[in-house]
Amino acid sequence: MDRAAELLFYVNGRKVIEKNVDPETMLLPYLRKKLRLTGTKYGCGGGDCGACTVMISRYNPVTKKIRHYPANACLIPVCSVHGAAITTVEGIGSTKTRIHPVQERIAKCHGTQCGFCTPGMVMSMYTLLRNHPDPTLDQLTDALGGNLCRCTGYRPIIDACKTFCNTSGCCQRKENGVCCLNQGMNGLPEVEEGDETSKKLFSEEEFLPLDPTQELIFPPELMIMAEKQPQRTRVFGGDRMTWISPVTLKDLLEAKVKYPQAPVIMGNTSTGPAVKFKGVFHAVVISPDRIEELNVVNYTYNGLTLGAGLSLAQVKDILADAVLKLPEEKTQTYQALLKHLRTLAGSQIRNMASLGGHIVSRHLDSDLNPILAVGNCTLNLLSKEGGRQIPLNEQFLRKCPSADLKPEEILISVNIPYSRKWEFVSAFRQAQRQQNALAIVNSGMRVFFGEGSGTVRELSISYGGVGPTTICAKNSCQKLIGRPWNEEMLDAACRLVLEEVFLPGSAPGGKVEFKRTLIVSFLFKFYLEVSQILKRMDPIHYPSLEDKYESALEDLYSRHRWSAVNYQNVDPKQLPQDPIGHPIMHLSGIKHATGEAIYCDDMPAVDRELFLATVTSSRAHAKIVSIDLSEALSLPGVVDVVTEEHLEGVNSFCFLTKPEKLLGSEEVFWVGQIVCAVIAESEVQARRAAKLVKIVYQDLEPVILTIEEAIQHNSFFEPERKLEYGNVDEAFKVVDQIIEGEIHLGGQEHFYMETQSMLAVPKGEDQEMDIYVSTQYPKSIQDVVASVLKLPANKVMCHVKRVGGAFGGKTFRTGIMAAITAFAANKHGRAVRCILERGEDMLITAGRHPYLGKYKAGFMNDGRILALEMEHYSNGGASLDESLFVLECGILKMENCYKFPNLRCRGRACRTNLPPNTAFRGFGFPQAGLITESCITDVAAKCGLPPEKVRMINMYKEIDQTPYKQEINAKNLTQCWKECMAMSSYSLRKAAVEKFNSENYWKKKGLAMVPVKYPVGFNSRAAGQAAALVHIYLDGSVLVTHGGIEMGQGVHTKMIQVASRELGVPLSDVHLRGTSTETVPNTNISGGSLVADLNGLAIKDACQTLRKRLEPIISKNPRGTWKDWAQAAFDESISLSATGYFRGYESSMNWETGEGQMFEYFVFGAACSEVEIDCLTGAHKNIRTDIVMDIGHSINPAIDIGQIEGAFVQGMGLYTIEELSYSPQGVLYTCGPDQYKIPTICDIPTEFHISLLPPSQNLNTLYSSKGMGESGIFLGSSVFFAIHDAVSAARRERGLLGPLKLNSPLTPEKIRMACEDKFTKMIPRDKPGSYVPWNIPI
Ligand SMILES: Cc1cc2nc3c(=O)[nH]c(=O)nc-3n(C[C@H](O)[C@H](O)[C@H](O)COP(=O)(O)OP(=O)(O)OC[C@H]3O[C@@H](n4cnc5c(N)ncnc54)[C@H](O)[C@@H]3O)c2cc1C
Ligand code: FES
Ligand code: FES
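Here is what the cut-offs are and how they apply
Residues numbered from 1 in each chain as written. Chains lettered and ligands numbered in written order. Predicted model: local features only at pLDDT ≥ 70, side-chain atom pairs only at ≥ 80, totals over all residues. Heavy atoms only, no water. Helix = DSSP H or I, 4+ residues; strand = E, 2+ residues; numbered from the N terminus. Rg over C-alpha atoms; globule rule 2.2 N^0.38 Å. Buried < 20%, exposed > 50% of the residue type's maximum accessible area, 1.4 Å probe, protein only. Contact = heavy atoms within 4.5 Å. Areas by Shrake-Rupley, 256 points an atom, 1.4 Å probe, with all protein chains shown as cover. Lys, Arg positive; Asp, Glu negative; His and termini not counted. Charge placed at Lys NZ, Arg CZ, Asp CG, Glu CD. Near = heavy atom within 4 Å. Polar contact = N/O pair within 3.5 Å; in protein donor to acceptor, adjacent residues only side chain to side chain. Nonpolar A, V, L, I, M, F, W, Y, C, P; charged D, E, K, R; others polar. Pairing = 2+ DSSP bridges. Patch = residues over 30% accessible without salt bridge, like charges linked within 9 Å, V, L, I, M, F, W, Y side chains within 5 Å. Salt bridge = Lys/Arg side-chain N within 4 Å of Asp/Glu carboxyl O. Axes fitted to C-alpha atoms, helices over the stretch in contact; angles between N-to-C directions. pLDDT = per-residue confidence, 0-100. Phe/Tyr/Trp six-rings, centres within 6.5 Å; stacked < 30°, edge-to-face > 60°. Lys NZ or Arg CZ within 6 Å of the ring centre and 35° of its normal. Core = buried A, V, L, I, M, F, W, Y, C linked by side-chain atoms within 4.5 Å. Parallel < 35°, antiparallel > 145°, perpendicular 65-115°, else oblique. Left-handed = near helix turned anticlockwise from the far one by under 90°.

Undergrad: Can you break down the overall build of the protein residue by residue, with the values?
TA: A tally of regular secondary structure across the protein gives 39 helices and 51 strands. Relative to the 2.2 N^0.38 estimate, which gives 34 Å for 1338 residues, the radius of gyration of the protein is 31 Å and therefore close to what a compact globule would have. Residues classed as buried in the protein amount to 64% of the 1338 residues present. Put simply, 78% of the contacts in the protein that link residues at least 6 apart link residues at least 24 apart. When the accessible area of the protein is evaluated, it comes to approximately 47,900 Å², of which 52% is carbon and sulfur surface. Looking at charge distribution, the protein has the averaged site of its 143 positive side-chain charges lying 3 Å from that of its 148 negative ones.

Undergrad: If you had to explain the site of ligand 1 to someone new, which residues and values would you point to?
TA: Taken together, 33 residues sit near ligand 1, with Val-264, Met-266, Thr-269, Ser-354 and Asp-367 positioned nearest. A distance of 2.9 Å separates an oxygen atom of ligand 1 from a polar atom in the backbone of Asn-268. Calculation on ligand 1 without its partners gives an accessible area of 980 Å², and the protein chains cover 92% of this total. Of all the secondary-structure elements, those providing two or more residues to the shell around ligand 1 are helix H13 (355-361) and strand E14 (410-417). Broken down by element, the shell around ligand 1 gets its largest block of residues, five residues, from H13. Split into classes, the residues belonging to the shell around ligand 1 amount to 16 nonpolar, 13 polar and four charged.

Undergrad: Quick rundown of the sheet that holds strand E27 (residues 694-699)? Include the residues and the values.
TA: Ordered by their spatial adjacency, three strands build an open sheet running E25-E21-E27, and the pairing between neighbours is antiparallel. Whereas interior strands pair on both sides, the edge strands pair on one side only; in this sheet they are strand E25 (667-668) and E27. When strand E21 (residues 622-628) meets E27, the two strands line up antiparallel, connected through six bridges. Note on E27: the bridge partner recorded for Ala-622 is Asp-699.

Undergrad: Which residues make up a negative patch on the surface, and what values go with them?
TA: Together, Glu-765, Asp-766, Glu-768 and Glu-1078 make up a region of like negative charge exposed at the surface. Within the element layout of this structure, Glu-1078 appears in the loop between strand E45 (1075-1076) and helix H33 (1091-1116).

Undergrad: So what about the pairing of strand E49 (residues 1161-1174)? Which residues, and what values?
TA: Residues in a regular strand point their side chains to alternate faces of the sheet. For E49, the buried fraction is high: 14 of the 14 residues fall into the buried class. Of the two faces of E49, the one carrying Tyr-1161, Val-1163, Gly-1165, Ala-1167, Ser-1169, Val-1171 and Ile-1173 and the one carrying Phe-1162, Phe-1164, Ala-1166, Cys-1168, Glu-1170, Glu-1172 and Asp-1174 are both buried. Relative to E49, strand E41 (residues 1003-1016) runs antiparallel, the two being bridged by 14 bridges. Looking at the pairing, Lys-1005 lines up with Glu-1172 of E49. Pairing geometry for E49 and strand E50 (residues 1180-1190), over ten bridges, is antiparallel. Note on E50: the bridge partner recorded for Gly-1165 is Met-1189. Connecting E49 to the antiparallel partner E50 that follows it, the hairpin turn spans five residues, and Gly-1178 within it adopts a positive phi of roughly 85°.

Undergrad: I'd like a rundown of the side chain of Glu-895, residues and numbers included.
TA: One can find Glu-895 in the loop between helix H27 (883-893) and strand E38 (902-911). Setting aside chain neighbours within four positions, we find Glu-895 in contact with Phe-900, Tyr-956, Thr-962, Pro-963 and Lys-1013.

Undergrad: Would you mind going over unusual backbone geometry in detail, with residue names and values included?
TA: The omega torsion across Glu-701 and Pro-702 is -10°, close enough to zero to call that bond cis. For Pro-702, the location among the structural elements is in the loop between E27 and helix H22 (707-713). A cis amide bond, omega 0°, links Ser-1304 with the succeeding residue Pro-1305. Structurally, the position occupied by Pro-1305 is in the loop between helix H37 (1277-1293) and helix H38 (1308-1314). In this structure, Arg-290 is a non-glycine residue whose phi angle is positive, near 50°.

Undergrad: Summarise the sheet that holds strand E15 (residues 423-431); cite the residues concerned and give the values.
TA: Taken together, the four strands give an open sheet; going across it, the order is E15-E16-E17-E18, and neighbouring strands pair in antiparallel fashion. Only two strands of the sheet have a single neighbouring strand rather than two, namely E15 and strand E18 (471-472). As judged from the two bridges shared by strand E17 (residues 456-464) and E18, these two strands associate in the antiparallel manner. Residue pairing in the sheet places Tyr-463 in a bridge with Ile-471 of E18. Running over the sheet, helix H11 (residues 332-343) touches E15 and strand E16 (439-449) and is turned about 15° from E15.

Undergrad: Break down H27 for me, with residues and values.
TA: Here H27 lies mainly inside the structure; ten of its eleven residues are buried. Listed in full, the buried residues belonging to H27 are Ser-883, Leu-884, Val-886, Leu-887, Glu-888, Cys-889, Gly-890, Ile-891, Leu-892 and Lys-893.

Undergrad: Give me the environment of Glu-1219: which residues, what numbers.
TA: Turning to its location among the elements, Glu-1219 is positioned in the loop between helix H35 (1197-1216) and strand E51 (1247-1252). Along the sequence, Glu-1219 and Thr-1307 sit 88 residues apart, while their C-alpha atoms lie 7.9 Å from each other. Each residue touching Glu-1219, except ones within four places of it in the same chain, is listed here: Gln-432, Lys-511, Thr-1230, Tyr-1236, Pro-1305, Thr-1307, Glu-1309 and Lys-1310.

Undergrad: Please give an account of the side chain of Lys-41 that cites residues and values.
TA: Tracing the chain through its elements places Lys-41 in the loop between helix H1 (27-34) and strand E3 (53-60). A relative accessible area of 1% means that Lys-41 is categorised as buried.

Undergrad: I'd like a rundown of the confidence of the model for the protein, residues and numbers included.
TA: Detailed reading of the predicted coordinates is not advisable wherever pLDDT is low. Across the protein, pLDDT averages 94, with 97% of residues at or above 70. Low pLDDT, under 50, characterises residues 168-193; the predicted model gives this stretch 44 contacts beyond four residues in sequence or across chains.

Undergrad: A description of the pattern of salt bridges should follow, citing residues and the corresponding values.
TA: Going through the model one piece at a time under the given rule, you end up with 84 salt bridges. Overlapping salt bridges, with partners in common, bring together Arg-32, Lys-33, Lys-41, Asp-601, Asp-602, Glu-609 and Arg-833 in one network.

Undergrad: Kindly report on the packing of aromatic side chains, identifying the contributing residues and their values.
TA: Under the defined criterion, the tally for this structure stands at 30 aromatic pairs. With 4.9 Å between their ring centres and 40° between their planes, Phe-524 and Phe-1319 make a pair best called tilted. On the criterion of sequence distance, the pair formed by Phe-524 in helix H18 (residues 512-537) and Phe-1319 in helix H39 (residues 1318-1322) is long-range, its members being 795 residues apart. The class for Phe-1319 is buried, based on a relative accessible area of 1%. Members of the aromatic cluster, each reached through a chain of ring pairs, are Phe-925, Tyr-1014, Tyr-1215, Phe-1274, Phe-1280 and Phe-1281. Above the ring of Tyr-69, the side-chain terminus of Arg-67 is found at 4.0 Å from the ring centroid.

Undergrad: So, the environment of Pro-1333: which residues are in play, and what are the values?
TA: Inspection of the secondary structure puts Pro-1333 in the segment after H39. Sequence separation between Pro-1333 and Val-11 is 1322 residues, and the spatial gap between their C-alpha atoms is 49 Å. Sequence-distant contacts of Pro-1333, defined by excluding residues within four places in its chain, comprise Gly-505, Ser-506 and Pro-1224.

Undergrad: Let's hear about the nonpolar core: which residues, and what values?
TA: Tyr-463 and Trp-485 are the most contacted members of the largest nonpolar core, which totals 261 residues. A per-element tally of this core places H18 first, with 14 residues. Discounting residues that sit within four places of it in the chain, Trp-485 has contacts with Val-447, Phe-449, Gly-454, Val-456, Phe-526, Tyr-527, Val-530, Ser-531 and Leu-534.

Undergrad: Explain the pairing of strand E31 (residues 757-762) to me, using residue names and the numbers behind them.
TA: The element E31 is largely enclosed, with a buried count of six among its six residues. Alternating residues of E31 divide into Ser-757, Leu-759 and Val-761 and Met-758, Ala-760 and Pro-762, and every residue in both groups is buried. Where E31 and strand E34 (residues 832-835) come together, four bridges link them in antiparallel fashion. The residue bridging Ser-757 from the neighbouring strand is Ile-835, located in E34. In terms of strand pairing, E31 meets strand E32 (residues 769-773) through five bridges, oriented antiparallel. Bridge pairing in E32 places Leu-759 opposite Tyr-772.

Undergrad: Any details on the packing of helix H28 (residues 925-943) against helix H29 (residues 947-954)? Residues and values, ideally.
TA: The N-to-C vectors of H28 and H29 enclose an angle of 115°; their axes lie 8 Å apart at closest approach. Classed by the angle they form, the pair H28 and H29 counts as roughly perpendicular. Both H28 and H29 take part in a crossing whose hand is right-handed. Contact residues: H28 offers Glu-933, Ile-936, Thr-937, Val-939 and Ala-940, while H29 offers Pro-947, Val-950 and Arg-951. For the contact of H28 with H29, the per-class residue count stands at five nonpolar, one polar and two charged.

Undergrad: Pulling in residues and values, what's your account of the packing of helix H17 (residues 487-500) against H18?
TA: Two elements in contact, H17 and H18, have axes whose closest approach is 10 Å; the angle formed by their N-to-C orientations is 155°. With respect to their mutual orientation, H17 and H18 come out roughly antiparallel. In this structure, H17 crosses over H18, and the sense of that crossing is right-handed. Within the contact between the two elements, H17 uses Glu-487, Met-489, Leu-490, Ala-493, Cys-494, Val-497 and Leu-498 and H18 uses Arg-516, Ile-519, Val-520, Leu-523, Phe-524 and Tyr-527. Residue classes in the contact of H17 with H18 are distributed as eleven nonpolar, no polar and two charged.

What follows is the structure, given as structure tokens:
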């Protein structure tokens, strides 16, 4: 053993030698903190988001090959990279040397917004290109499946990556034999020369070529080391943990004898998350390094033997090869495994995780174990005592000691037998999202018939997700032996399996009825699959499947993607150097892509900096009986614990109308409320100590969690809001029909990629405090910090360089944390940093309000709605935050695009014991709009009309009046609607969908079109005021500062465009450093789609002042440069600095009279979406979306289109897959991306087209532009209604004609359970109240 081992590896071509490494350290903090390579980002810490992707390269001295693979640095123990070369985003290119083509293209194709996900995306793409310089689109989507982006909607990222594919412009759509290159866009004509519209947002011609010879070579030293160095076990000892890396099998077995309880760390993708999130601790770990015996691949006489150390990605390649090489009948099990390996996690995890680790972990939702179990696999075990084989069977999966590994044994390899003739193996899974999501239920099934006998000789069925581990339905299978393969057998099988695989109503994970239904639905799919093959093999003896049933067989999997954009070119008369209206790349695009863009936690540590970790309430409503800090304080490195006692007199702050406590004291009102905060020398110490704070609670009543409970307890925030127009009661008397209904909408997590981050730095002089925060609202941070420090605001400055996504979530909760952090910094006179972990962030900061909408509509038989009565209830959580404003906005925007002549809408914000919900993109509109559209869909169903027709009939006329009596010109709304109909070929496709539905029983398609009218404006003029400061320096360069925050929406880019136009300076001469309360005071919140508009007007004002001052100088020397003019102005004592100001738009609303002029303008749009659903599993596939928007004169079409797409995909997530889950005690279960699923690259529509309406109106706004940030989110509901359409078709075919109530999000669970059939009828149902459910609907 090499006890004094040195850890040696390379990072970006440089050797790193680490003598005192702590085995508990992961590569990500090592890169970020130790090597100061901050391009690699922290997004989740659990392998789920891809922000930390790096490339690992290893040399194999036996094969003499180098393997490059993507990996999640957050799960890689630094000790495991000995001998490896690591490449981070900084290693492939930089603005200081040369940028890499991947970095260039992702930036220039507008694939970055906030940029926080970009380095991870770049590294995934880069690694793919290292292995496949000419990738296919399938490889591309596969490579990016493990990388989340919350801003872009992925389309521009795919476009950038597609430029590397040899078929870059092509959809590669082979399904219908037609390629996109052979057809115009949906039958629309190709662009003519001189066309006023443009279909390109970037120009490929200028891209750097990809030259594989330019890449970093694998360090020769590492090759020599691998070839020549003596094989000695390395041991690294830390404070608490010892890491042993044996390099020979003998040493590994010896280590296992010595430390039988030590886990064998391979990919660390199972052990790592358990240590990090579940508090598991191992004092010793064994991590084999390059032991060849663990990597064997042997084709034996009866099957394939695969080394336990092979990664899942390698297993996938080996199996794909085997399937090609071997006769089909031998590869049934391999094909089934391959099917799941394609969707299992993302590429990074598949490359890290080992086959052995996967099998031995025996996760309840393992995708491979059910197949390996039915495939009769055997495990080859080895210990010092010798080898033995055990079957991978039910006992092994249940960890029965007699069938398990002994502590001193390791799994060497797995034998996966070949299948035989007349043997069939299938795999099934259903997850919340297509890829990179653990299965809700999965299954492996195998049947063996005797030659031509048609009776079952052997049958094995295993399920995952329905018990503590993989469950085998052994008894059921036994009973079915000897039965012929027919419907009676299927029926018996379903009943037996449902009985054997018993799932109690309170089973962990919830979704119990859905899981029970999947159990039998999968069985049915298996039955059909096998029947089809039998028919193919022996057409005489086996009946063919009815055509329409064949639709049950194919899995819904989106493959190739293509997209088109269409926007207006700038006026040909516009000066060529004027950048307004051009698709200018995001100002920080290249820096995002090279990792040089600095976010809050990328800032270097300040001398003697401390770290703050929060301690939060674990109870929804309780009295704090005592807090014991002694254990926490006794931990080395702990400096202090800030409690409410320290904040005496300053423990509350009035953010809006009601004061809120900063730290919970005496009583806590929600799980996740901050109670105290630990300050320590390091992050690790602070987090460890936070876990040791002991709080004793006494539970209090009532605990109100749901809207229904709030209504029952009359628990509301005041006041109630009401809007009334016309005479509703009278109108109800004259209508043909009346319907009543309700819809429930779940909340949404912001899931900005950069978690809440802040650094408070006391200046050491005059009590000054600088605070660097990732926030949308610097002024509010300044105010709350000043208040808690009892200082005037002029002593506290808040600085924001950029924010890694916010979406409304970085306002008041950020202020609370910033205040506590600054308090600690002030108290100790030392800088304090606070960066929330993803789980903490999701727990503490809450998100979009869940809603309950009740409606009563009175309408005529032709679909005209004459009377509408609505009630909105939002779940506000425990304190007011912005709940009232959100509710008001929801009410004011609820009519969406429709003229309801008689309308009454009331709204109440419910006070519950949940974390306070807050602002979120769309601010109440996404909920209110969905309620209205659901009502319209119900009316349409009642009238027997397509919903689109009822939408059209009720739409605003050209000049009309809103319910609050503001005038509206809706001409462009109708225009968007008509263009969207035409662009999507709505009528033709509606007919095609109907035809498809009549021919397919188990798959249904749905098509829906939804309009949007998004009112833009704040609730007061003061809230819309903005200011700017522009300096011209003597060298002619310009510095612009304004009050808006760059959070991905490209505001700084647009602002530079504005300054460039107004001053007439080139874009490259204008710079923007960030936002600070020091340069522009009293800024408003950045939100509400108006940031660019308002601040742009302020910049315009400042620039015009300067231009006016300089005009005489310029006219004296018109051929001069800016340097000349600036110098001349200086010489003449003319100030080269000016402030600019915009007072805000007029805005008023009188809730008493129900009248107001709230909004400055309306953004119009329409979206048409088509989906396909699998009625048996609830899966859905987004086939195509067409969007037409009226955004006025776009300042930057690339940025605006990016906002529309990003918002659309976020909306699609809201309405379909993003589902929060709470325990009956109010504890949030969905505390990370492993549980909470936002859309990935696989979820976006296969075809995605955006077209901007030619600008037609002159508005009172910045260059007649419209703010684009929020409106697109509602268009995501077109996917909701397309699914609704598909589900309705399924129900109609099954004779279910009653009203259809579908709540949001429309998850696989809801889709499946709504498509009622014999299987949903077959499952046992639990009587409500007879069990305690695992989770409750909020
Ligand atoms: C983000 C993410 C997404 C995921 N998605 C999916 C998914 O969609 N579907 C799915 O099925 N799984 C999924 N997983 C789980 C993943 O498949 C497993 O974590 C992985 O296969 C475990 O392998 P490992 O090498 O990383 O194990 P490690 O964490 O290294 O080890 C796990 C355990 O196995 C033991 N062990 C490992 N090798 C041996 C050996 N040779 N002999 C004896 N014991 C051994 C160790 O002692 C340890 O107890 C996901 C995991 C993550 C982190
Ligand atoms: S931070 Fe590593 S995957 Fe999210
Ligand atoms: S740009 Fe991808 S998360 Fe912001």
